[in-house]
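# Survey of secondary and tertiary structure
Each chain, written out:
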There are 6 protein chains.
Amino acid sequence: MSDVVTFGETMLRLSPPDHRRLEDTDELELRAAGAESNVAIAAQRLGSADSTWTSKLPDSPLGRRVVAELNKYGIETDVVWSDEGRQGTYYLEHGGKPRGTNVIYDRGNTAISTAEAQEFDVDLIQGADVFFTTGITPALSPTLRETTMNMLKAARQGGTTTAFDFNYRRKLWSPEEAKGTLTKLFPGIDVLVIAARDAQNVLDIDGDPRQLAHTLGSQFDFTTVVVTRGSKGALAWHDNTVYDHGAYETETVDPIGTGDAFTGAFLARRLDGDDVPTALEYGAATAALKRTIPGDVALVTREEVEGVVSEDDEEISR
Amino acid sequence: MSDVVTFGETMLRLSPPDHRRLEDTDELELRAAGAESNVAIAAQRLGSADSTWTSKLPDSPLGRRVVAELNKYGIETDVVWSDEGRQGTYYLEHGGKPRGTNVIYDRGNTAISTAEAQEFDVDLIQGADVFFTTGITPALSPTLRETTMNMLKAARQGGTTTAFDFNYRRKLWSPEEAKGTLTKLFPGIDVLVIAARDAQNVLDIDGDPRQLAHTLGSQFDFTTVVVTRGSKGALAWHDNTVYDHGAYETETVDPIGTGDAFTGAFLARRLDGDDVPTALEYGAATAALKRTIPGDVALVTREEVEGVVSEDDEEISR
Amino acid sequence: MSDVVTFGETMLRLSPPDHRRLEDTDELELRAAGAESNVAIAAQRLGSADSTWTSKLPDSPLGRRVVAELNKYGIETDVVWSDEGRQGTYYLEHGGKPRGTNVIYDRGNTAISTAEAQEFDVDLIQGADVFFTTGITPALSPTLRETTMNMLKAARQGGTTTAFDFNYRRKLWSPEEAKGTLTKLFPGIDVLVIAARDAQNVLDIDGDPRQLAHTLGSQFDFTTVVVTRGSKGALAWHDNTVYDHGAYETETVDPIGTGDAFTGAFLARRLDGDDVPTALEYGAATAALKRTIPGDVALVTREEVEGVVSEDDEEISR
Amino acid sequence: MSDVVTFGETMLRLSPPDHRRLEDTDELELRAAGAESNVAIAAQRLGSADSTWTSKLPDSPLGRRVVAELNKYGIETDVVWSDEGRQGTYYLEHGGKPRGTNVIYDRGNTAISTAEAQEFDVDLIQGADVFFTTGITPALSPTLRETTMNMLKAARQGGTTTAFDFNYRRKLWSPEEAKGTLTKLFPGIDVLVIAARDAQNVLDIDGDPRQLAHTLGSQFDFTTVVVTRGSKGALAWHDNTVYDHGAYETETVDPIGTGDAFTGAFLARRLDGDDVPTALEYGAATAALKRTIPGDVALVTREEVEGVVSEDDEEISR
Amino acid sequence: MSDVVTFGETMLRLSPPDHRRLEDTDELELRAAGAESNVAIAAQRLGSADSTWTSKLPDSPLGRRVVAELNKYGIETDVVWSDEGRQGTYYLEHGGKPRGTNVIYDRGNTAISTAEAQEFDVDLIQGADVFFTTGITPALSPTLRETTMNMLKAARQGGTTTAFDFNYRRKLWSPEEAKGTLTKLFPGIDVLVIAARDAQNVLDIDGDPRQLAHTLGSQFDFTTVVVTRGSKGALAWHDNTVYDHGAYETETVDPIGTGDAFTGAFLARRLDGDDVPTALEYGAATAALKRTIPGDVALVTREEVEGVVSEDDEEISR
Amino acid sequence: MSDVVTFGETMLRLSPPDHRRLEDTDELELRAAGAESNVAIAAQRLGSADSTWTSKLPDSPLGRRVVAELNKYGIETDVVWSDEGRQGTYYLEHGGKPRGTNVIYDRGNTAISTAEAQEFDVDLIQGADVFFTTGITPALSPTLRETTMNMLKAARQGGTTTAFDFNYRRKLWSPEEAKGTLTKLFPGIDVLVIAARDAQNVLDIDGDPRQLAHTLGSQFDFTTVVVTRGSKGALAWHDNTVYDHGAYETETVDPIGTGDAFTGAFLARRLDGDDVPTALEYGAATAALKRTIPGDVALVTREEVEGVVSEDDEEISR
C-alpha cells in the first residue's frame with residue numbers, strides 16, 4: 001500500500017540542449033515529464049511516504065521509457081498498458097528573459113485520453129493517505145473529465161484525502177472551459193493548490209493573494225488552500241488562518257516542475273504531521289532547489305532541503 | 001520550374017545515439033526523414049536536375065524544422081502550411097545483426113493525412129520532367145489514396161513522367177490492402193521501383209528477380225521497372241530487356257534511405273540522358289555511399305559517386 | 001528579385017563548448033557567421049522582405065557548408081564560387097565577465113578578398129529595395145575597398161537604398177585606416193548604423209550620443225543615422241530629429257550578432273513602412289532575443305519579437 | 001516474493017566514449033555494472049520470473065546511483081545501506097582487435113567487502129525459486145568467502161535452487177586461490193555455469209568441451225552444468241546428457257555482460273519449464289543481442305530474443 | 001631547477017555535465033584536480049617562474065592520466081610511481097544557489113597516503129625559490145603529517161621560502177584535529193594563506209579580517225599572512241602592515257580552484273619582485289578569471305590578468 | 001638532450017564526429033596532428049628513447065593548443081614562436097568503404113612555411129641519436145625545401161642518424177615535383193621509409209615490393225630502406241637483405257597516423273638495439289594498435305604492443 005497515489009499523464013519531453021532553438025538543433029534531450037509523477041517523486045523524497053503513480057500508457061518502447069525513468073527516481077508505478085493511443089510528448093525550448101521557456105504540446109490521441117476510472121486499481125487509491133491529481137488531467141479529453149471526477153469520488157469514499165493542483169494550461173483549453181469543469185470537481189477536493197494568477201484569471205476571484213486564499217477556502221469548503229505566487233512565495237489558508245512564506249533565492253537552470261516540487265514537499269510534510277507553516281517552508285525550499293536541477297523532477301534529498309531551510313550558505317561543500 | 005518534383009510525407013526522425021536503446025537513452029538525434037524528400041535530394045545531387053519537394057506540414061516549429069533541414073540540403077520546398085494536424089515523427093533504434101534497425105512510427109493525425117490534390121500547385125507538377133511519389137503516401141490515409149491518384153493523373157496530363165517507388169511498409173498496412181490500392185495506381189505510372197521481396201510477398205508474383213522484372217514490365221505497361229535486391233544489387237526492365245547491376249561493397253553506418261538514394265540517382269541520370277545500365281551503376285554507387293553516411297539523406301557529390309563507379313580505392317585521400 | 005541584398009564575408013566560426021578555453025578543448029562548435037548574412041536573416045524574419053546574401057566563396061566542402069547553413073535559415077544565396085582562396089574562419093571563446101568573449105581571426109587569403117564588383121549580379125543589387133554591407137568588408141583587402149565603393153555606387157544608380165553598418169574591428173585595421181577608408185564611402189550611403197564608441201574613437205566625434213547622431217546626420221548627408229549603445233539602447237537621427245530607445249533586459253547566452261539582429265530588424269520594419277521609433281523598438285527587441293540564442297543568427301519570429309515589445313512576461317508558455 | 005534472487009557487487013563502470021583511451025579522454029560514460037545484477041535483469045526480461053538483486057552499498061550518492069539505474073531496468077533491489085566502505089568502480093576501455101577491452105578495477109575497501117550473511121533477508125532468499133551468485137563475490141574479501149558459503153547454504157535449506165557462475169577474474173585472484181575457494185562451494189550448488197577456458201586453466205580439467213561438461217557434472221554432483229565457449233556457443237550437461245548450441249552471428253558494440261545475458265536467459269527459461277536445449281537457445285540468442293547493445297545489461301524483450309531464435313533477418317523493421 | 005615546487009595530492013575529478021545530479025547522469029566530465037598542482041600552474045602562468053609539481057601516484061592509466069593533463073597545462077611533474085595504493089578521485093556536483101557545489105571524496109587508500117619525505121627529490125625542493133603545500137596534505141594520513149613536516153623542514157634548510165595554504169576540509173577531519181596538526185607546522189612556514197572563516201572556526205581567532213591578519217602574523221612569526229574572504233576580497237599582513245584588496249566582479253562557471261588561482265598568482269608576483277599590494281591585485285584578478293573557466297585550473301595568460309587589473313571592459317574582443 | 005628529434009608541421013585537425021559530413025555537422029573534434037610529432041610520440045612510447053619535436057608555430061592560442069596536446073602525450077617540444085604566419089589546419093571526414101577518409105587541407109601561409117634552418121637549435125639536432133623528418137615538410141614551401149636539406153646536413157655533420165619518411169601527398173604537389181625535390185635529399189638520409197605505392201608512382205621504380213626495396217637500397221646508398229604495404233605488411237632492406245613482416249588483423253577506428261606509428265616504433269626498437277626483423281614486428285604491432293585508437297597518435301604502451309606481438313587474444317582483460 002502506498003501513502004501517496006497520484007494520477008495523470010506523464011509525457012516524454014524533448015528539448016534542444018544549450019538554449020538552442022528547435023529549428024536549429026540536431027539533438028534533443030529526452031525526459032519523462034508530468035505534473036502528477038513529479039509530485040509523487042517530490043512527496044516520496046521529502047517525507048516518510050511511499051508514492052505510487054498510476055496512469056495509462058501505450059504498450060510500446062515509448063511508454064516503457066516513461067516507466068523506466070520513473071522507476072529510476074524511486075517511486076512505484078501502476079500502469080494500465082494499452083494497445084491503442086499514442087504516447088504523449090512535448091517539445092520544450094529553454095530560454096532566459098525575454099525569450100522565455102516555450103512548450104509545444106504533441107499530446108493528442110494519447111492512450112490516457114480514453115482512460116476510465118474502472119481501469120485503475122480502486123484499492124490502491126482507497127488504501128492511500130492522499131490521492132492527488134491536477135487540472136491538466138480533465139483538460140485532456142471529455143472521458144478524462146468523467147474519470148477524474150470518479151477517481152476523486154472513489155478516494156473520498158475510501159477515506160483518502162484528496163489533493164488537487166489547479167494547473168491551468170492555456171494551450172489545452174480556454175479559461176471558461178477550465179472554470180466550468182474544475183469548479184465542478186471542487187466539492188470532492190480537500191486540499192487545493194492554485195496559482196494566484198489562475199485564481200484571478202480563470203476563476204475571476206478578486207483581491208490580493210491573502211484575500212484569494214480566504215475567498216477560495218471559505219467559498220468552496222476546502223480543508224486547505226495553497227496559493228502560489230512564483231518568485232513571491234506562497235500562502236496557505238487552513239483552519240481559517242492564512243500563512244505566508246517567501247521564495248528562496250535560486251539560480252534557475254530549469255523552471256519546469258517548480259510548482260510540483262513545492263506541492264509534493266508540502267503534502268509529504270503535512271502527511272508526516274508538520275504544521276502548515278513548516279510544510280510551506282519545505283515546499284518553498286524544495287521548489288528553490290528544483291530550479292537548480294535540469295529536468296522536470298525534484299531530485300533532492302530531505303537533508304538538502306533542510307540545508308536550504310536552515311540557510312547553510314557555504315558555496316562549496318567539501 | 002523544377003525538373004524533379006516529389007510529393008510525400010517528411011517526418012522528424014528521433015534516434016538514440018551510439019546504438020543505445022530507447023528505454024535507456026536521455027538523448028535523441030533529430031533529422032528530417034522521408035522517402036520522397038530523400039529522392040529529391042539524391043536526384044539534385046547526381047545530375048543537372050533541380051528538385052522540389054512538395055507536401056503539407058503543420059505551421060509550427062516542428063514543421064518549420066523539417067523545411068529548414070531540407071533547404072540546408074539544397075532543394076526547393078513548396079509547402080502547404082496547415083493549422084490542423086500533427087507533424088509526423090518516428091523513433092529509430094540502430095542495431096547491427098541480429099538486432100536490426102527498428103522503426104516506431106508516430107505518424108497518426110498528421111497534417112498531410114488530409115491533403116487533397118487541389119491544395120498543391122498543379123503548374124509545378126505539370127512543369128516538371130519527373131513527378132515522383134511512393135507507396136507510403138497512399139498508406140497514410142484514405143484521403144491520400146485519392147490524392148495520390150489525382151496527382152499522378154495531373155502529372156500525366158501535363159506530360160510529366162511519373163515515377164513511383166512501391167515501398168511497402170508493414171507497420172502501416174497489410175499486404176492485401178497495399179496490393180489493392182497500389183495496383184490501381186499502376187496505370188498512371190511510367191517508372192516503377194520495387195523491392196524483389198515486395199513483388200513476391202505483396203504482389204504475389206513468382207519467379208527469380210529477372211522474371212519478376214519481366215512479369216511486372218509486361219503485365220502493367222510500365223516504361224521502366226527497377227527491381228531492387230538489397231545487398232544483391234538491382235535489375236531494370238526497359239524496352240523489353242533486363243539489365244542487372246551488383247551492389248558495391250560498403251561499411252554501413254546508417255541503412256535508412258539506401259533505396260531512396262538509389263532511386264534518386266537512377267532518375268537523375270536517366271533525366272540527363274544516360275542509358276539504363278549506366279543509371280543502374282550510378283544508383284548502386286550512390287546507394288553504397290549513402291550507407292556510410294548517418295541520416296536518411298545521400299549527402300554526396302556526383303564526383304564521389306563517380307569515384308565509386310571507377311573503383312578508386314585509396315583509403316585516405318590527402 | 002529580392003527586397004534586401006547584403007554583401008560581405010561569411011566565415012565558419014569555431015568555438016569551444018561550455019566556456020572552455022581553446023587550449024583545453026577537444027571539441028568545437030561550428031557555425032556560419034558573418035555580419036551581412038546575419039542582417040539578411042534578421043531582415044527576412046522581421047518583415048515581409050525577402051533577403052539574398054551575395055558573396056564569393058571557395059568551391060570546397062567548407063564554402064558549401066556556409067551556404068548550406070544560410071539556406072537552412074531561409075534566405076537566398078547568390079555565390080560566386082572560386083577555385084582560389086581560403087574559406088575564412090574564426091575561433092571564438094565565450095567568457096563571462098571579466099573574461100569577455102574573445103575572437104581569433106583566421107581570415108587571410110580568403111576567396112572573397114579578391115572579389116571585384118563585376119563578378120556579382122548587378123541586376124540583383126539594382127532590383128533590390130535595400131543594399132547592405134558593413135565596414136568589415138573594405139577592411140579585408142585593398143581590392144574589397146574598391147569593390148565596396150563600386151557596389152554602393154551601383155546600388156545608388158539603380159535607385160536602391162544603401163545601408164551600412166560601420167562595424168569597426170580593431171583586429172583588422174587601425175582607427176586611422178578605418179576612418180580614412182570608410183568616410184570616403186559615406187557619400188554613397190543612405191542609412192548609417194554606428195556604435196557610439198566607434199563614432200567617438202574612430203571618427204573622433206565628440207559629444208553625448210544624441211549629439212553624435214546629430215553631428216553625423218548633418219555632417220555627412222545621410223538620410224538616417226542609427227547610433228547603438230549596447231546595453232544602453234540606441235538612437236536614430238532622421239529628418240533632423242533624434243529618437244531614443246532603451247535596451248530590453250536579457251539573459252545573454254551569446255552576444256555575437258546582437259548588432260546585426262538590431263540592424264536587420266530596423267531595416268525590415270522601415271521597409272515595411274514603420275516609422276523610425278517603431279523600427280527602433282523592433283530592433284531593440286530583436287537584439288534582446290538574439291542574446292538568448294546561441295550562434296550569430298537571430299533565429300526569431302516576428303511574433304516573438306512582438307511579444308517582447310508588448311512585454312508579455314510569462315516565464316513558461318504552455 | 002521474488003522468483004530469482006541474485007547476490008553480488010554492482011559497481012559503477014566508467015568508460016571513455018568512442019574508443020578513446022583513458023589518458024586521452026575528458027569524458028566518461030557512467031553505468032551500473034555487476035554480473036549478478038546483469039543476470040537478475042536478463043532473467044526478468046526473458047521469462048515470467050520477478051527478480052531481486054540484493055547487496056550492500058555505501059549510503060552515498062554513488063550507492064544510490066547504482067540502485068537508481070537497476071530500478072530503471074525494472075528489477076527489485078534489496079540493499080543493506082552502509083556508512084562504511086567505498087562504492088566499487090571500474091574503468092573500462094573499449095577496443096577492437098588487437099587492442100581488446102581493458103578493465104581497470106578500483107574495487108578495494110568497498111562496503112560489500114564486509115558483508116555478512118546475517119545482514120541480508122533470509123526470507124527473501126529462501127522464498128525464491130533460484131538463488132544466484134558468482135565466483136566474483138568470494139574473490140572480493142575473506143569475509144565474502146564465508147558469506148557466499150552461508151548464503152548458498154541458507155538457500156539450500158529453504159529449498160531454493162542454487163545457481164552459480166564460476167566467473168574467474170585474474171585481476172582479482174590467482175587460479176590457485178580461485179580453485180581452492182570455489183570448489184569448496186560446489187557441494188552447495190545445483191546449476192554451475194563455467195567458461196571452458198576456466199574449467200581448463202583454473203580447475204585443470206582436461207578434454208574437449210563435451211568432456212569438460214561430463215567431467216564437471218559427474219564429478220561434483222551438480223544438477224546442471226553449462227559450459228560456455230564464447231563465439232563457439234555453449235553446452236549443457238543435464239541428466240547425464242550433453243546438449244550443444246552454437247552462437248548466433250552478431251555485430252559487437254559492447255562485449256561486457258554477454259555471459260550474464262546468456263545465464264539470465266537460461267535460468268529464466270528453465271524456471272518457466274523449458275527443456276535444456278530450448279533454454280540454451282534462448283541463452284545464445286540473448287547473448288547475441290546483448291553484444292549489440294552498449295552497457296553491461298541485456299536490455300531486450302522476449303519477443304526480440306524469439307525473433308533471433310526464429311532467424312527473422314529483415315535489416316530494417318518498419 | 002624549478003622556481004616553484006608544490007607537493008600534494010592531485011585527484012581525478014568526476015562531474016556530471018550541465019548541472020545534472022549524480023543519480024541522474026550517464027556521463028561524467030573528467031579532470032585532474034588538486035590544490036597544489038593548481039597553484040603550480042597559476043604560478044607559472046603569472047610570472048617568470050617555472051613550476052614543478054611533485055607527488056606519488058599509482059603506476060596505472062589513472063595515475064598517468066593525471067600527469068598527462070598537468071603536462072598539457074605546461075608545468076613539470078616529478079612523480080614517484082607506486083605499485084601500491086589507489087588513485088584518489090572525487091565526484092563533484094555543480095549547483096547554483098541554494099544548491100551549492102557538492103564534493104564527494106573517494107580518496108582513501110591512495111598511493112600518496114604512504115608517501116614519506118625520503119621518497120622525493122630533496123635537491124628539487126632545496127633548489128627552488130618557493131616550496132608550497134596545503135593543509136589538505138597532512139589531513140590525508142598520519143604518514144603524510146610526518147612527511148609534510150619533514151618536507152617543510154628540508155625546504156627551510158635549503159633556504160627555500162615555504163608557503164602554505166591552510167585549506168581546511170571538513171569532510172577530511174575535524175576542526176580540532178586540523179588545528180592541532182597544522183599549528184605544529186606553522187613554525188616552518190614563511191607565507192601563510194588562510195580563509196578568514198578557517199581562522200575563525202578552526203583556529204578560534206577572533207576579530208574582523210584585519211585583526212585576524214594581525215593576530216596571525218604577530219602570533220606565529222610568519223613573514224606574510226594572506227587572509228582570503230571569498231567575494232569580499234583578501235588582505236595581506238606583511239612587515240606589520242595590512243593591505244586590503246577587493247574581489248573583481250565575475251560570472252562564475254566553476255568556483256573550484258579560485259583560492260588556488262589567487263595563491264599561485266600572489267606567489268608568482270612576489271617572486272618576480274612585486275610588492276604585496278600589487279601581488280594581491282594580481283591574485284584577485286586571476287581568481288576572478290578562474291571562476292569563468294571550467295575545471296580546477298586557472299588557464300589564463302598574464303596579459304589577460306593584466307586586462308582585468310586595468311579594467312578593460314569590452315564585452316567582445318575582435 | 002633528446003634521443004630522437006623530429007622536425008615538421010603539426011596542424012590542428014578538425015573532424016566531424018560519428019561519420020558525419022562536413023556540410024552536415026555543427027560539431028568538430030579537434031586534435032594536434034602531424035607526421036613528425038606522431039613519430040616522436042610513438043618512438044618515445046616504444047623504447048627507452050626520449051623524443052623532442054621541433055617546429056615553428058604562430059604565437060597564438062592555436063599554436064599553444066598544438067604544444068599543449070603534444071606535451072600531454074609526454075614528449076618535449078622546442079618551438080620557434082612567430083608573430084607571422086597562420087596555424088596550419090586540416091579538415092577530415094571519416095568514412096568507411098567505399099567513401100574513404102577525406103582530407104581537406106587549409107595549410108597555406110603558415111608560420112612554418114618561412115622557417116629557416118638557423119632558427120632551430122642545432123645542438124639539439126646534433127646531440128640526438130636520430131633526426132627524423134618527412135617528405136611533407138619540403139612540400140610546404142620553397143623555403144622549407146632548403147631548410148629540410150640544411151637540417152639533414154646539420155644532423156649528418158653531428159653524427160646523428162637521419163631518418164626520413166617519403167610520405168607523398170598528392171594534394172600538396174605533383175609526383176614530378178616530389179620526385180625532383182626528394183631524390184635530392186636522398187644522399188643525406190640513412191633510413192628511408194616509403195610506401196610501395198609511392199616508390200612505384202612517384203619514383204617510377206618497377207618490380208614487386210622486394211625488388212623495390214632492393215633497388216632503393218642499392219641505388220641510393222641508404223643504410224636501411226623500409227617499404228610499407230598497408231594491410232599487406234612491410235619489408236625492410238638492410239645489409240643487402242630484405243626482411244618481410246605481415247600486418248596484424250585490426251578493427252580500424254581511425255586510419256590516420258598508421259604509418260607514423262609504424263615508423264616511430266621501428267626507429268625506437270632499432271635505437272634500443274633490436275634487429276631489423278624485430279623492429280619490423282614492433283612496427284607492425286604498433287600500427288595495428290594505432291588503427292583502433294581515435295586521433296593521429298599511437299597512444300599505446302610497450303606492454304600493449306608486446307601483447308599483440310605475442311598474440312594474446314583474450315577479448316576482455318579483467
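Going by what an unreviewed UniProt entry lists, chain A is known as 2-keto-3-deoxygluconate kinase and is assigned to Natronococcus pandeyae.

### Description of the overall build of chain A
A tally of regular secondary structure across chain A gives 11 helices and 14 strands. At 18 Å, chain A has a C-alpha radius of gyration in line with the 20 Å of a compact globule built from 318 residues. Once the C-alpha set of chain A is aligned to its principal axes, its extents read approximately 50 × 50 × 40 Å. The 318 residues of chain A split such that 64% are buried. Considering only residue pairs separated by 6 or more positions, chain A has 70% of its internal contacts joining residues 24 or more positions apart.

### As for helix 9 (residues 258-271) of chain B
One turn of an α-helix holds 3.6 residues; hence residues three or four places apart share an orientation. All names here are of chain B. Helix length check: helix 9 (14 residues) gives 20 Å between terminal C-alpha atoms against 20 Å at 1.5 Å per residue, within 8%. Every buried residue of helix 9 is listed here: Thr258, Asp260, Ala261, Phe262, Thr263, Gly264, Ala265, Phe266, Leu267, Ala268 and Arg269. Looking at the residues trailing helix 9, positive phi occurs at glycine 273, about 100°.

### Structural notes on the interface of chain F and chain C
With 22 residues of chain F at the interface, the matching set in chain C holds 20 residues. Buried area between chain F and chain C, summed over both chains or domains, comes out near 2,000 Å², and the portion from carbon and sulfur atoms is 58%. Three residues, F:Asp26, F:Leu28 and F:Leu62, lead the burial of chain F against chain C; their summed loss comes to 23% of the area buried on that side. One can count 4 salt bridges joining chain F with chain C. Its salt-bridge partner being C:Arg65, residue F:Asp26 comes within 3.3 Å of it at the nearest N-O pair. At the junction of chain F and chain C, the tally comes to 11 residue pairs in polar contact (both at pLDDT 80 or more). Top element by residues in the side of chain F that touches chain C is helix 2 (residues 61-72) of chain F. It accounts for 5 residues. Considered class by class, the residues forming the side of chain F that touches chain C number 9 nonpolar, 4 polar and 9 charged. Relative to strand 3 (residues 27-33) of chain F, strand 3 (residues 27-33) of chain C is paired through 3 bridges, and the arrangement is antiparallel. The residue bridging C:Glu27 from the neighbouring strand is F:Glu29, located in strand 3 of chain F.

### Quick word on the packing of aromatic side chains
Considering all chains together, one arrives at 42 aromatic pairs over all chains under this definition. Here B:Tyr90 and B:Tyr105 contribute two aromatic rings whose centre-to-centre distance is 6.1 Å and whose plane-to-plane angle is 70°, an arrangement assigned as edge-to-face. Taken together, the positions of B:Tyr90 in strand 6 (residues 89-93) and B:Tyr105 in strand 7 (residues 101-106) put the pair 15 residues apart, joining distant regions of the chain. With respect to class, B:Tyr90 is no different from B:Tyr105; both count as buried. Ring geometry for D:Phe186 against D:Phe222: centres 5.1 Å apart, planes inclined by 70°, an arrangement best described as edge-to-face. In this pair, D:Phe186 is assigned in the loop between helix 6 (175-185) and strand 10 (191-195) and D:Phe222 in the loop between helix 8 (209-220) and strand 11 (224-228), connecting sequence segments 36 residues apart. With a relative accessible area of 0%, D:Phe186 lands in the buried category. Looking at D:Phe222, the relative accessible area reads 4%, which means it is buried. The structure contains a cluster of three or more aromatic residues connected by ring pairs, namely A:Phe166, A:Phe186, A:Phe220 and A:Phe222.

### Looking at the pattern of salt bridges
Applying the stated rule across the entire model yields 144 salt bridges over all chains. For the salt bridge of C:Glu304 with A:Arg21, the shortest nitrogen-to-oxygen distance reads 2.6 Å. Of the two residues, C:Glu304 is situated in helix 11 (residues 302-309) and A:Arg21 in the loop between strand 2 (11-15) and strand 3 (27-33); the pairing between them involves two chains. B:Arg21 serves as the salt-bridge partner of B:Glu93, at 2.7 Å between the closest nitrogen and oxygen. Taken as a pair, B:Glu93 in strand 6 and B:Arg21 in the loop between strand 2 (11-15) and strand 3 (27-33) lie far apart in primary sequence, 72 residues in all.

### Observations concerning unusual backbone geometry
In this chain, B:Lys97 is followed by B:Pro98 through a cis amide linkage whose omega measures -5°. Tracing the sequence through the fold places B:Pro98 in the loop between strand 6 and strand 7. At B:Asp204, a residue that is not glycine, the phi angle is positive and equals roughly 60°. Along the chain, B:Asp204 falls in the loop between helix 7 (196-201) and helix 8 (209-220). Phi at E:Asp18 is positive, roughly 55°, even though this residue is not glycine.

### Comments concerning the relation of the copies chain A and chain C
Once turned by 120° and shifted 0.1 Å along the axis, chain A lies on chain C with an RMSD of 0.0 Å. A rotation of that kind, with that shift, is consistent with a three-fold axis. Relative to the rotation axis, the C-alpha of A:Asp18 is the closest in chain A, positioned 5.1 Å from it. Comparing interface residues between copies, only 5% of those in chain A also sit at the interface in chain C, which points to a heterologous contact through distinct surfaces.

### Remarks on the relation of the copies chain F and chain C
The two copies are related by a screw motion: chain F maps onto chain C through a turn of 180° and a shift of 0.0 Å along the axis, at an RMSD of 0.0 Å. Classification of the inter-copy transformation places it as that of a two-fold axis. For chain F, the minimum C-alpha distance to the rotation axis belongs to F:Leu28 and amounts to 2.5 Å.

### Quick word on a negative patch on the surface
Together, A:Asp50, A:Glu76, D:Asp50 and D:Glu76 make up a region of like negative charge exposed at the surface. Of note, D:Glu76 is situated in strand 5 (residues 76-82). For D:Glu76, a relative accessible area of 45% translates into the label partly exposed.

### A word on the side chain of D:Arg99
The residue D:Arg99 is located in the loop between strand 6 (89-93) and strand 7 (101-106) in this model. Within the structure, D:Arg99 has its side chain in polar contact with the backbone oxygen of D:His94 (distance 3.4 Å). Polar side-chain contacts of D:Arg99 include one of 2.9 Å to the backbone oxygen of F:Thr292. Those residues in contact with D:Arg99, other than ones at most four positions away along the chain, are D:His19, D:Arg20, D:Arg21, D:Glu93, D:His94, F:Leu289, F:Thr292 and F:Ile293.

Reading guide: rules and limits
Each chain has its residues counted from 1, running along the sequence as written. The lettering of chains begins at A and the numbering of ligands begins at 1, in the order of writing. Thresholds applied to this predicted model are a pLDDT of at least 70 for local features of residues and 80 or more for the giving and counting of side-chain atom pairs; totals over whole chains, interfaces and linings are not thresholded and use all residues. Just so you know, side-chain values use all the structure's heavy atoms and leave hydrogens and water out. The secondary structure listing takes helices from DSSP runs of H or I that are at least 4 residues long and strands from runs of E that are at least 2 residues long, numbered from the N terminus. Here the globule rule is a power law, 2.2 Å times the number of residues to the power 0.38, and the radius of gyration is based on C-alpha atoms. Burial classes follow relative accessibility: with a 1.4 Å probe on protein chains only, a residue under 20% of its type's maximum area counts as buried, one over 50% as exposed, and anything between as partly exposed. The contact definition used throughout considers only heavy atoms, calling two residues in contact when any of these lie within 4.5 Å. Helix span is expected to be 1.5 Å times the residue number reduced by one. Throughout, buried area stands for the accessible area (probe radius 1.4 Å) lost by two parts on being put together, summed over both. Should a side-chain nitrogen of Lys or Arg be within 4 Å of a carboxyl oxygen of Asp or Glu, the pair is scored as a salt bridge. In protein, a polar contact means a hydrogen-donor-capable atom and an acceptor-capable atom, both N or O and within 3.5 Å, with residues adjacent in sequence counting only if both atoms are side-chain atoms; elsewhere, any N or O pair within 3.5 Å suffices. When residue character is reported, Ala, Val, Leu, Ile, Met, Phe, Trp, Tyr, Cys and Pro are called nonpolar, Asp, Glu, Lys and Arg charged, and the others, Gly included, polar. Pairing between two strands requires that DSSP report at least two bridges joining them. Pairing of aromatic side chains requires ring centres within 6.5 Å, counting the rings of Phe and Tyr and the six-membered ring of Trp. Pairs whose planes differ by under 30 degrees are stacked, by over 60 edge-to-face, and all others tilted. Superposing the copies works by least squares over the C-alpha atoms of residues that have pLDDT at least 70 in both of them. Patch members must show over 30% relative accessible area and no salt bridge, and they are joined within 9 Å when carrying like charges or within 5 Å when they are nonpolar side chains of Val, Leu, Ile, Met, Phe, Trp or Tyr. The protein chains shown are the only cover counted for residues, whose accessible areas, like all others here, come from Shrake-Rupley with a 1.4 Å probe. For the purpose of counting charges, residues Lys and Arg are taken to be positive, whereas Asp and Glu are taken to be negative. His and the chain ends are not included. To locate a charge, take NZ of a lysine, CZ of an arginine, CG of an aspartate or CD of a glutamate.

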